[in-house]
Each structure stands twice: as C-alpha cells, then as structure tokens.
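Residue-level structural notes
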Amino acid sequence: MHDDRQLTEGRLTRFIDDVLPGALYRRRKPLQVQAWHVPGEPVPVSKALAAEYRAVEVPFPWGAPWSTSWFRVRGSVPPEWFEDGRLPAGTRLEVAVDLGFYGDRPGFQAEGLAFLPDGSLVKGIAPRSAYVPWPEGRRDHEFFIEAAANPDVAGEYTFRPTPLGDRETAGAEPLYTVRQIDLGLLDTTVWELAQDIWTLRGLMAELPIEGSRRWQILRALERMIDVVDPDDVAGTAARGREELAGALSSPAAASAHRVVAVGHAHIDTAWLWPLRETIRKCARTFASAVALMDEYPEYRFACSSAQQLFWIKRDYPALFQRIREKVATGQFVPVGGMWVEPDMNMPGGESMARQLVLGKRFFLEEFGVDSQEAWVPDTFGYSAAIPQILREAGMRWFMTQKISWNQTNEMPHTSFLWEGIDGSQVFTHFPSADTYISELSGAELAHAERNFKEKGTAGSSLVPFGWGDGGGGPTREMLAAASRLRSLDGSPTVEIDSPEAFFERAEAEYGEPPVWVGELYLELHRGSLTSQHRTKQGNRRNENLLLEAELWAATAAVRAGASYPYREIEAAWQTVLLHQFHDILPGTSIAWVHQEVEEANADVERTLERIIAAALAALSGPGERELVANARSFPDAGVLPLGVGEPAPAGGELDVRETEAGFVLSNSHIVVGVDQLGHITSLRDTTSGREAIPAGESGNVLMLHRDTPNLWDAWDVDVHYRRAARPIDGIESIAAGREPDAVTLTIRRRFGTSSISQVLRLERGAGSLAIENTIDWKEKHKLLKLVFPIDVHADRFAAETQFGHVFRPTHVNTSWDAARFEVSAHRWIHVAEPGYGVAIANESTYGHDVTRHTVDGRRTVVAVGLSLLRSPEFPDPGADQGEHVIRFAVRPGAGIRDAVREGTALNLPRRRVRGGHPVAPVISVSHPGVSVSSVKLAEDGGGDVVVRVYESEGARAEVTVTADFDAGTPRLVDLLERDSGRETVAFGPGRITLSLGPFQLATVRIPRL
C-alpha cells in the first residue's frame, strides 16, 4: 500500500476546519439585543435588571478596559423550525454568543455571565463555551448577559510594559465588538461526530507511525470523510459516526496507564485582573460547573479555595445553595482545605496554620466536608515545613504540578512521601500530565503516561481538567472526551472521580513509595521573593500585629474580663491570608492589585493597633508608668515573656569615635569598624574577640545588579544577574550621632536616579548592629542587594522557615545546588563553623543568596546577599517605585538561639506603653529553645486559651506550658483545636509537659474555670 498518510491527514484537517464548524447549527436567527453600559464599577444583578436599556444592532463595539456592559436578549423560536410541533430529532436550541472573542483562550479577555429575568444564574460565556441554553419547551425567552471587558494584559507574553493593569492608564476606547447573539438549532449528531473526530485524531497523532493502531484510526477517519457529504452534513453525520464506531470501541490494553480525571478551574485569586473581577470569574465558572452537573451526573468538579466560595456565599447566595446541593451529591468537591492557594515559602508559620484553620473550618461549617488533600498546583515552590503543618491539620495528601517547570533538574518521582523538617510525612503526587488545565487531549494523556515516573510499581496518575488561571473550567467537549476515553486502545484509561478516590487508589497500589526529604524548591520564579516589597512588608507587619493582637486580647480577656474581638481578628486574618495568594504576595500581579493590597494592609494595621491599644489599656489600667509590653518568647529589658512590665535600664559602655580609617561604634558586646565609604571593615563580639569580616573585605556593601530575566519579568531572577553588577560606593555624606542609649552613623548615597540613606545604629547593651535603609527607588530592571562577607568556613547555612529552619549548601557540587542560587528565608539567616557564627535578621526581606569564595587560595569564607528591591516592568510597570524603609540586624558570635531571638526582636519591636501597673503573663514556657507562635482564645468562642509552641533550634526539648489563671487540665489538640490523641509527659490543672522532637509543633488547649 502506498503511504498516503500525510495526504489523508491533510484532508482531515480541511474537513475539520472548513466543513464541521458550519454544520453544527442547522439554523440560526439573530435575537433582539439591548444594552446598558455600567457607569463605573460592576453592580449587583438587581440594579442591572432595573436599568434602562437601548436597542443595538449587531455587530457593535463595546467595552472600555475593565468596564461592564449588560445586554438584554429577547426572541422567539421561528415556527418553521418545528416539525409537527416538535424540534427535529437530534437537535436542541441554544444561543450562540460572540462578545468579540479573539483566539480561543478563556479567562484572559471578554467574559460573560448569563442571568434569567428573576436574577438567577445560568452559566458563564467565554471562548470554548460560547453558548447559553434555551429552556426546553419554551417558544419565547428573555435573558441577560453581564459582559466584562477585561483586557488581555498578558498578550503574547512578551513581558513588555503595558498600561492595561491600572485603571488610570488603561484607556477608554472599546476593546471588543459583539459579533453574534443568535438563536441556533444545534445538531447534536454533528456535535457528537466532532467529538469522535477530536478524540481519535488526538490519539492517532501520539501513536507510532509503524504501529497498526495508528493506521486503523487513520483509515476509519478516512472512511468517515468519504461518507459525510459536505453539502448534507446533517443527513450523513450518523453514517460518519458509524464508520468511527469500531475505532472508538476497541478497548484499552490491560497494562494501560490509568488516569483519574478531576474537573477543575484554576482561578487565580488575583493576577492580571483585580480581586473584584476574580469574584465574577468564580460566579461564571461555578455557574457553568453546576449547569454541566445537571447534564452529566458523572462529572466531578474540585474547588480549592474557601475564600472564593466565601465570596459566592456573600454575593451569589442562590448559586451557593446550588453548590451546596452538588456537594451533597458528591459532584462539587471542596478540596485543599486552605483559605486561598497561598505562596508556600513566604507566609509565616502561624499564617500557614491559619490558612488551614480558616479554610477547613469553612468547608466543615458550610458543607460538612473535612478536606484531606492539600491542592496547590500553581505555587512557586514549597517549604520543608509544610508536611508537618498539613498533618497537624488532619491532611493526608498533597498535590502540585508546578515543579515540572524546573529549569535545570527533573524531579525523579511522580508519587512519593514528602518528609518535612520535623520528620512528618505526607503522601504527595505530581500529575504526570504536567498541567492543571488539561483538556484531556491525546497529547496530554500520552505525555502523562510517558512522564509517569513510577512505572512497574504504580500505574495511576491524576489529571485536573478544565480551563484555568482565568477560570472557565471544564466544557461539555471535555466531558465528551472523557466518556470516549474510558477504555480506548492506545490511550491511558480515563475515569472521572474525586481527588480523594484517586489518592486512596494511589496509596493502595504503591505500598512502599520513595521519600523526598526537605523543601520542594522550584527552579524558577526566584524573583518573586523580592518583587513588590511593599506588599511583602505589609504582610510581614500584619502577621506580627495579628499575633500581638491575639496575645494581648486573650490576656485582657483572662486578666480583666475584657471582650475578645473575635470578628475583627478573624476579618483581619482573612485579609492577610487572602493577600498571601500565590500571585499577590510574590508580587506578580498588575498594579491595580498591589495598590488595593497596600490600602487594605494599612486598614488592617490600624484595626490591629487599635485592638492592641485597647487590650493593653484594659490590662495595665490608668497611669503614667513607662511599661514595655513584651510579646516575645524571651525576656526583653527585664520584662517577662508575654507579659507587661517596667523595663530595666540598659547598662554598659557605649561609644562612637572617628578614626583615621573611618569610624568605630562600640558597646559592651560588639565593636564595629566603618571606613570612609560607609562599609563595615570590622565586626567583633567582645566575648570571643573574633573578627567576623574577612581581612581585606567589607560588609554592608550595596550591590546594583542588571536584572533582565529572559522571561517572566516580575517572577524571575536569572543567574546571569551576578555577572553584571557594581558596588554603590559613591557617598554624599557620612556623620556620627549620639543618643542617650544609642550611637549612630548616617550614610547618604546616590546612584542612578535613586538615593539611599543608611543609619547604622548600636544600642547600649545590644548584641547586634541595626541597619536601617531608607531608599528612594527609581531604577528599572535593576536588583539591589546588601552583601556581607563572613569569615567562617561553612559548607551550609541555616535559614528560618515556618516553625523552624532549613540548612542549605553554600557550595554548588551538584546541579541541584547550583540551581538554588536565590532562596527564601523568613526572619534570619545564620552562617557558622563549629564554635562561631553570625546571624543576619530582617524585618521584610525574603530573597537571599549565600555563596562561598576562596581567600589566599586556600581558605574559604561565606558571603550573604540580601535582596532589597527589584524593578520589573511587567505586569506592573511602576513596581516598587518610590520610598522604602528596610531594616536589618547583624549579630557576630551568634548561635541558632541568638538568630531566633534577633529575628523575633526585629519583627516584634519593643512596644512601649503607659499604664498603672505591670501585667503577669497568662502563659509561661519553661524551655528557652521553645518558641510561642500564638496565644489566643479558642476558635469555637468557648473562652478556652489556646497556645501554639514549636521547638525552634532543631533539638529535642522537654517543655512545660503553665497557665497563670484558674485553669483546668490542658490537652493537646490539632490546628483546628480538635483533640489530637497524642500522649504527653505529664499534665495537671493549668500545666502540661511535652516532649518535643526537633522543630515539632504542638497546640495546647487550656480550659478556663
């Protein structure tokens, strides 16, 4: 036989492109359309239904960027469309809508939502789902379309600056032209034929040319084209389906890979659109999902964000009730158990705990669902602390696929046990299809099988299917594909089911999965640790204020009978957790998003400061005594941890003097030498007398790097940034200063079009040097780092993460080490050799790099770089322009405990108050290496005190938690404050003794009597 494959496949392509689309609708009729353009922000449906509409002719232009238009659509079915009073067999009515779509990508352009005249939702309208069903049996019908003129901010992903991300610069000209709102008579046989062809063609393209199965499919498709008459597709489509029936009924091999397909719509809670648009994206997507569930009972749809369902409950209560009904049938599946899909590197430990507390509590209260699987497919890497936090919340499984984006190294596992810093393990799965927005194509399924790493020991993978990022979700075409792929020769088998069903199957078939220890580092998007500093600084500030607010409000409730502000504190947590979404906290959203976040963070800060002030006033009473409220886990100025008291005066020497070489700042604990350029040339602690700065090198050096990543502007820092850098040596002035209990050195510099004022501050009795940087930042595509060389021989360094710290190598022995050139740290970095170390603490910096270099050809030292600011231009051309204040502290002669305390002190600065008397702590913790993460009242409102502690040094600790109030017997609970069943060393009224392993987290609930 002659090889005519390419000729036949070309014929098939033309048939699909030129014949099928025009045959889907047997008849069409334009409907009557009226329009109302919303002046300003979107309005509730009740207001839109009462608006004054004007008639328009299709086609017509509409939609300035970010505007909303409503269309009233009316019409009737022509009598001639009926045969003996009925529609022709194999047909149904629907309205075909084209709002001016360009391309076929949903979620990144115009979107619509159809409503009935009573205000109830019908479904979303977008490319690939551009229809509205016509009610069965109705001759006349009316409905409304809320149309959003969302601009395509991403464009072709050139990452060039765009004005579209800010309402002030986006423009006012219409972006779209409505091209069609037609009643259509859909030929369901032609539609089914199109689905047959799509599935078989996609499978055929993935099969080997030499294999028989590929040719069987090709010949079946060829016969189909032969019998389907282009001039009478409706009359011959059934014959075409008959020709394909044999190819579609050939079952899959017994050894075929097994895919569990879960309907999904990844909806970024903010990204290239504002938060208010996300709410509408959720409504469109979820309305479409529940509509499809009525038509396809086997359909399962997983929804991963409690915040998004919270919005639906608030703004679309009727839709929320439909969702509740579908949850009860098992079709709508709440998953993930978190408030949002957060960044999982930067949020503090307590924030990660609250993501699960608030998320799981919402699912439990609203749906009776206790989610077991963490679901974060699109987050930019995963801290090593996550397994313990998940297990403490009662989670069993973890799913992501973002690690498939790694630039350098490929993860060796698909399913495995992920082990965290405390030894906790969670069963983890990476969908081998390498996507969370599958359309169940032949290419995706073939890739899922080829890419599956556990062949021979396991055989099942998960595939989330449905349009995502901008929402949309599964389509009827995807569900049709799934039904054809249940068992199809040459393809993995496809079964629609829930995530829970998949994980139970995967665990059962993989008896001894491999173990991956430590963080899941994403070798990409490293710049997200630094972009949009104001957003990150606001997050860190409010995380700390929340812990203070809860501590002092709980103490006031216990000590003074004050009312605990449950609602205000929960609302503040909800806002903070929302802003930890993985395109907000990383700084990768449009300007509009970050502007609103900064405003909201300021509101949260004001609320929390008011709560703190009221609680402390209730505690200390009226008076003018100078007091310190110490929210730290260790004494501050002689004030007990978690208490309020009179500070002890700082003692010891304090001096600043000018020398021939520059300046020397000193107190009883450290001596700092600074040269005339403002660089630190000497840093010694008086206990060891050892020099921390390598001879001939300088610390406190500002380095300005060229920062032009190849792609993903706000997301990425590429390693070549290191090869284009210069120190900022220019100095305008340097001046020493004295205060009663501190000495200072102020250094002013200019570089490019920017300026920086640095204040080096050494307080009496302090073991660290404070550095405050006030920066007027006006650079573009630059990265500013603050660099400290440290004279230690270290092949690893410690970086704080949630509820502990991780060690990372300073060397680049392997490709995995080399790829980890920019890493996350929370409040501190510690570099050390046995017997000596240096800690560098920060109050709002996450991006760090730690390298090693050789001195004199034989001795190695370490350099710590702290990433202060970036200036990407996409998606926000004005990212971080303007003034910033960024603080650090450097402590020589420091151990891990010192690092923990320096980081805590910088983030919980000394709070001075005036009052009438000291206040004893309500809680005390006996071990100095055990940190208190939270003191609060119980989530259920019952008034019990809840204390969360963790071992912070990486060592075992026996610790007693004692309540200083009339208390019952404490008990160990999980993050949701449910009894954990764990054993304790000892317990009694108001006291419990725990044996904690390294970095172990424990939550204690103490009844109040």
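Data block above holds the structure.
Described in the following lines is the structure provided in the data block. Note that the structure is a prediction, hence the values are computed from the model and not measured.

The next point concerns the overall build of the chain. Secondary structure summary: the chain contains 18 helices and 52 strands in total. Over its C-alpha trace the chain gives a radius of gyration of 31 Å, about what one expects of a compact globule, namely 30 Å for 1009 residues. Principal-axis analysis of the C-alpha atoms places the extent of the chain at approximately 100 × 65 × 60 Å. A total of 1009 residues make up the chain; the buried ones form 62% of that total. Taking all contacts inside the chain whose residues are at least 6 apart in sequence as the whole, residues at least 24 apart take part in 74%. Carbon and sulfur atoms provide 49% of the accessible area of the chain, an area that totals close to 36600 Å². Placing the 105 positive and 137 negative side-chain charges of the chain at their respective mean positions leaves the two points 1 Å apart.

Close approach of charged atoms allows side chains of opposite charge to pair. The tally for this structure, following the rule as stated, stands at 87 salt bridges. For Asp18, the salt bridge goes to Arg14, with nearest N and O atoms at 3.1 Å. Note that Asp18 and Arg14 are positioned in helix H1 (residues 5-23) at a spacing of four residues, about one turn of the helix. By relative accessible area, Arg14 is classed as exposed at 60%.

Right, let's talk about the packing of helix H3 (residues 188-206) against helix H12 (residues 476-484) for a bit. At their nearest, the axes of H3 and H12 sit 10 Å apart, and the two run at 60 degrees to each other. Considering the relative orientation of H3 and H12, their crossing is right-handed. Residues Trp191, Glu192, Gln195, Asp196, Trp198 and Thr199 of H3 touch H12, and the partners they reach there are Arg476, Glu477, Ala480, Ala481 and Arg484. Among the residues forming the contact of H3 with H12, the class breakdown is four nonpolar, two polar and five charged.

Glancing now at the packing of aromatic side chains. In this structure the tally under the stated criterion is 42 aromatic pairs. Through pairs of rings, three or more aromatic residues link up here, namely Phe108, Tyr157, Phe159, Trp271, Trp273, Trp405, Trp712, Trp715 and Phe874. Lys281 extends its terminal NZ or CZ atom over the ring of Trp273, reaching a point 4.2 Å from the ring centre. Stacked on the ring of Phe807, the Lys or Arg Arg796 has its end atom at 3.6 Å from the ring centre.

When you line up the elements, Ala799 lands in strand S36 (residues 796-801). A relative accessible area of 0% places Ala799 in the buried class. Expressed as a C-alpha distance, the spacing of Ala799 and Ile840, which sit 41 residues apart in the sequence, is 9.9 Å. Dropping the residues within four chain positions of it, Ala799 is found in contact with His805, Val806, Arg808, Ser824, Ala825, Trp828 and Ile829.

Moving on, we come to the sheet that holds strand S27 (residues 670-675). Here we have four strands laid out as an open sheet, ordered S25-S26-S27-S28, and antiparallel in their pairing. Strands at the two margins of the open sheet, each flanked by one partner only, are strand S25 (654-658) and strand S28 (680-685). If you compare each strand with its neighbour and ignore which way they point, the axes differ by 10 degrees on average. Summarising the sheet, S25 and strand S26 (residues 662-667) pair through five bridges and their orientation is antiparallel. When the bridges of S26 are listed, Arg657 appears paired with Val664.

About the criteria used
Residues numbered from 1 in each chain as written. Predicted model: local features only at pLDDT ≥ 70, side-chain atom pairs only at ≥ 80, totals over all residues. Heavy atoms only, no water. Helix = DSSP H or I, 4+ residues; strand = E, 2+ residues; numbered from the N terminus. Rg over C-alpha atoms; globule rule 2.2 N^0.38 Å. Buried < 20%, exposed > 50% of the residue type's maximum accessible area, 1.4 Å probe, protein only. Contact = heavy atoms within 4.5 Å. Areas by Shrake-Rupley, 256 points an atom, 1.4 Å probe, with all protein chains shown as cover. Lys, Arg positive; Asp, Glu negative; His and termini not counted. Charge placed at Lys NZ, Arg CZ, Asp CG, Glu CD. Salt bridge = Lys/Arg side-chain N within 4 Å of Asp/Glu carboxyl O. Axes fitted to C-alpha atoms, helices over the stretch in contact; angles between N-to-C directions. Left-handed = near helix turned anticlockwise from the far one by under 90°. Nonpolar A, V, L, I, M, F, W, Y, C, P; charged D, E, K, R; others polar. Phe/Tyr/Trp six-rings, centres within 6.5 Å; stacked < 30°, edge-to-face > 60°. Lys NZ or Arg CZ within 6 Å of the ring centre and 35° of its normal. Pairing = 2+ DSSP bridges.

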